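Here's the letter readout for the chains.
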Amino acid sequence: MRLARLPAMGLRVLRLALSADSRRVWQTIDRVQDLDPQALVAAGVRGVLLDADATLVPHRGRVYGPEVYAVLRGLQDAGLRVAVYSNADDPEALRPLGVPVVSGVPLKPQRRGFHAAIRRGLDLADPRQVVMVGDNLISDGAAVDAGLRFIYCRPIQGEEPWLHRTTRAWAEWWVGA
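Residues numbered from 1 in each chain as written. Predicted model: local features only at pLDDT ≥ 70, side-chain atom pairs only at ≥ 80, totals over all residues. Heavy atoms only, no water.

Observations regarding the overall build of the chain
Next, step 1: From N to C terminus, the chain includes 5 helices and 6 strands.
Next, step 2: In sequence order, the chain lays out its α and β elements as α-β-α-β-α-β-β-α-β-β-α.
Next, step 3: Buried residues in the chain amount to 49% of all 177 residues. (Helix = DSSP H or I, 4+ residues; strand = E, 2+ residues; numbered from the N terminus. Buried < 20%, exposed > 50% of the residue type's maximum accessible area, 1.4 Å probe, protein only.)

The following block contains the structure:
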């Protein structure tokens, strides 16, 4: 990302955080294992984009427990397309999950990043058929601005940078999560 774009990105994040759409969480779950693949399919969902840090593992964690693999298998067994779309520093570390890892696209919360992730990771075109599952109401929740449904997953506790903790706490207060 070019430095000249950072102020514009910061304004967009602030706008997203304060918009009415930021309060449109489709579902809230305590952990990713609470996803109900059959209910997603019944609601017309065909694809699931998953965040990694604090959703599948603690922040910057890269050891995935058997429960994460069971969730991925359950989603796929229900006929859902699954991919990881994360702003993690090292997308290659996510490859052991065995599902497409979307990289080389604009970072969240950019709308065109979500659209590219849908095309590249899920081979779908209609964002209304996709849910974004993540722990961050601002970056992951911006999926709503891109036409996706958003499932807020309460974050897995871990070593998280101060800025992430602060913006998360503010967003959770704002949305009432």
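Here the narrative resumes.
What to know about the pairing of strand E2 (residues 47–50)
Next, step 1: Where burial is concerned, the two faces of E2 agree: the one with Gly 47 and Leu 49 and the one with Val 48 and Leu 50 are both buried.
Next, step 2: The sheet contact formed by E2 and strand E3 (residues 81–85) spans 4 bridges and is parallel. Residue pairing for E3: Leu 50 is matched across the bridge by Val 84.
Next, step 3: Handedness of the crossover joining E2 and E3 through helix H3 (residues 66–77): right-handed.
Next, step 4: With 4 bridges joining them, E2 and strand E5 (residues 130–134) adopt parallel strand pairing. Along E5, the bridge assignment pairs Val 48 with Val 131. (Pairing = 2+ DSSP bridges. Right-handed = clockwise from strand over helix to strand, strands pointing away.)

Points about the packing of aromatic side chains
Next, step 1: Counting across every chain of the model gives 3 aromatic pairs.
Next, step 2: Their ring planes at 85° and their centres at 6.5 Å tell us that Tyr 64 and Tyr 69 sit as a pair that is edge-to-face.
Next, step 3: Between Tyr 85 and Phe 114, the aromatic rings sit 5.4 Å apart at their centres with planes inclined by 80°, giving edge-to-face as the arrangement. With Tyr 85 in strand E3 and Phe 114 in helix H4 (residues 111–122), this residue pair connects regions lying 29 residues apart in the sequence. As far as the burial class goes, Tyr 85 and Phe 114 line up, both buried.
Next, step 4: Lying over the aromatic face of Tyr 85, Lys 108 brings its terminal NZ or CZ to 5.7 Å of the ring centre. (Phe/Tyr/Trp six-rings, centres within 6.5 Å; stacked < 30°, edge-to-face > 60°. Lys NZ or Arg CZ within 6 Å of the ring centre and 35° of its normal.)

Some details on unusual backbone geometry
Next, step 1: A cis geometry characterises the amide bond from Lys 108 onward to Pro 109, with omega recorded as 15°.
Next, step 2: With respect to the helices and strands, the residue Pro 109 is situated in the loop between strand E4 (101–102) and H4.
Next, step 3: The phi dihedral of Asp 123 falls on the positive side, at around 55°, and the residue is not glycine.
Next, step 4: For Asp 123, the location among the structural elements is in the loop between H4 and E5.
Next, step 5: When its relative accessible area of 61% is taken as the criterion, Asp 123 is described as exposed.

Looking at the pairing of E5
Next, step 1: E5 sits mainly inside the fold: 5 of its 5 residues count as buried.
Next, step 2: Side chains of E5 alternate between two faces, with Val 130, Met 132 and Gly 134 and Val 131 and Val 133 buried alike.

A look at the sheet that holds E4
Next, step 1: Read from one edge of the open sheet, 6 strands run E1-E6-E5-E2-E3-E4, paired in parallel fashion. Each edge of the sheet is formed by a strand with only one pairing partner; in this case those strands are strand E1 (27–29) and E4.
Next, step 2: Here E3 runs beside E4; their pairing, made up of 2 bridges, is parallel. When the bridges of E4 are listed, Tyr 85 appears paired with Val 102.
Next, step 3: Across the sheet, H4 touches E2, E3, E4 and E5, and the angle it forms with E3 is around 130°. (Contact = heavy atoms within 4.5 Å. Axes fitted to C-alpha atoms, helices over the stretch in contact; angles between N-to-C directions.)

Function cannot be inferred from these measures alone, as they are strictly geometric.
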